Amino acid sequence: MTEKKPVSIVLCTYNGAKYLQEQLDSILAQTYPLHEIIIQDDGSTDNTWQILEEYEEKHPLIHIYHNEGTHGVNANFLSAMHRTTGDFIAIADQDDIWEADKIANQMTTIGNKLLCSGLTRPFSTDGSFAYFDNRPRNVSIFRMMFLGLPGHTMLFRRELLRMMPPVTHPFFNVSLYDAALSILAASHDSIAFCNKVLVNFRRHADATTYNDYSRSLPSWQNGLYELLWGLRHYHQARSIALPIYKGKLTFMEGITTNYNDFIEAKAIMRLETKKGLWAFLRLQYLLTKNHQRLFQTSGGSFIKMIRAWLYPVMQLYMYHHALRRCK
């Protein structure tokens, strides 16, 4: 029998008592034998910690840690990852439900790649918006630098963690750890995608990452809405997006690789940080040139070429929630 490679699970909690037990049970029910489950709490004030203590007492795989003070999402997850000892690391959110074969499918799919992701099926029990997009993801660097993979779907090699910058890097002031992992793996053309449902992703109004993304679903009406919104709010949305682009560019400039797509992607991100008509036109050219690998699914079409040409404006809709919070 082939020896199973050790997989560590990282789960970070904060006031997650309501759904935590269901998620822990789904992780413990994995068909692939787990090496350890590292759980780190970020100062919960509900009975999350009591639940974790009960599970740790019953299950030797589980090791729980309590932060002194609140660290926030990036510092909490990154420090928890560094507590792991397995060759592979999988990220879990506190309120999801894993399919029993999640880890088994990912370990089969990852091959020699650095990172593996897969389909996540949203569901809601409180009426929150949930839509399941079952299209296979485009995981090229041209997509990942703008919209990465969700952390709760990730399984990756320890090598990728070693390549990550410290939490003090400017990138983590403007973006999240899963975006960094997505960009880093994609910069080496090293993401495998498992076209199976791995996670049942709970959508609820209390979740840190919850928003109603119905206006971002694929349709010509939504595309027109995003374009008009971007034109109407161009300068305000750019003021929010620009620090993010600069943080991503700083991160990408610290990555060493000869992968040609990454070199061109870095040029695109550099243009995103520039002002002026020439930079805008050059950005449109490079985005249109790479339109086959820019969007949710791979492949080319005339419509995708038009969307790529308009992308410097349409992409700004991603920041409409942030703009609303600033008002």
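Further up the page is the structure itself.
Rules used throughout
- Residues numbered from 1 in each chain as written.
- Predicted model: local features only at pLDDT ≥ 70, side-chain atom pairs only at ≥ 80, totals over all residues.
- Heavy atoms only, no water.
- Core = buried A, V, L, I, M, F, W, Y, C linked by side-chain atoms within 4.5 Å.
- Buried < 20%, exposed > 50% of the residue type's maximum accessible area, 1.4 Å probe, protein only.
- Contact = heavy atoms within 4.5 Å.
- Helix = DSSP H or I, 4+ residues; strand = E, 2+ residues; numbered from the N terminus.
- Expected span 1.5 Å × (residues − 1).
- Arc of directions from axis to C-beta.
- Salt bridge = Lys/Arg side-chain N within 4 Å of Asp/Glu carboxyl O.
- Lys, Arg positive; Asp, Glu negative; His and termini not counted.

Draft legend 1. Geometry of the nonpolar core. Residues Met81, Leu115, Met145, Phe146, Phe156 and Leu181 are the most contacted members of the largest nonpolar core, which totals 63 residues. The residues touching Leu115, leaving out its near neighbours within four places in the chain, are Ile110, Leu149, Met154, Leu155, Phe156, Leu160, Leu181, Ala185, Ser190, Ile191 and Ala192.

Draft legend 2. Helix H1 (residues 17-28), seen in detail. The end-to-end C-alpha distance of H1 is 17 Å, a good match for the 16 Å that twelve residues give at a rise of 1.5 Å each. Within H1, the full set of buried residues consists of Ala17, Tyr19, Leu20, Gln23, Leu24, Ser26 and Ile27. Summarising the axial view, the buried residues of H1 lie within an arc of 165 degrees, below the 170-degree limit, and thus occupy one face. At its buried positions, H1 is contacted by strand E1 (7-13), strand E2 (36-41), helix H2 (48-58), strand E4 (88-92), strand E5 (97-98) and strand E8 (191-202).

Draft legend 3. Main features of the environment of Leu78. Mapped onto the elements of the fold, Leu78 is located in helix H3 (residues 73-81). It is 10.0 Å that separates the C-alpha atoms of Leu78 and Asp178, two residues lying 100 residues apart in sequence. Ignoring any residue separated from it by four or fewer positions in sequence, one finds Leu78 in contact with Met164, Val167, Phe172 and Tyr177.

Draft legend 4. Up close: the pattern of salt bridges. Inspection of every chain in the model, using the stated rule, returns seven salt bridges. The partner of Arg121 in a salt bridge is Glu99, with the nearest N and O atoms 3.2 Å apart. Of this pair, Arg121 sits in strand E6 (residues 115-123) while Glu99 sits in the loop between E5 and helix H4 (102-109); the two residues are 22 residues apart in sequence, bridging distant segments of the chain. Relative accessible area serves as the criterion here: at 32%, Arg121 is assigned to the partly exposed category. Notably, a salt bridge pairs Arg293 with Asp261, separated by 2.5 Å at the nearest N-O pair. In this pair, Arg293 is assigned in the loop between helix H12 (277-289) and helix H13 (302-314) and Asp261 in helix H11 (residues 260-272), connecting sequence segments 32 residues apart. Classification of Arg293 by relative accessible area gives partly exposed; the value is 28%. For Asp261, a relative accessible area of 18% gives the class buried.

Draft legend 5. The arrangement of helix H8 (residues 177-186) in detail. Within H8, ten of the ten residues are buried, which leaves the element mostly enclosed by the surrounding structure. Among all positions in H8, only Tyr177, Asp178, Ala179, Ala180, Leu181, Ser182, Ile183, Leu184, Ala185 and Ala186 are buried.

Draft legend 6. Fine view of the side chain of Arg143. Topologically, Arg143 is positioned in helix H5 (residues 141-144). Of the side chains bearing the opposite charge, Asp133 lies closest to the buried Arg143, which forms no salt bridge; the N-O distance is 7.6 Å. What Arg143 contacts, discounting residues up to four positions off in sequence, is Asn138, Arg293, Leu294, Phe295, Gln296 and Tyr311.

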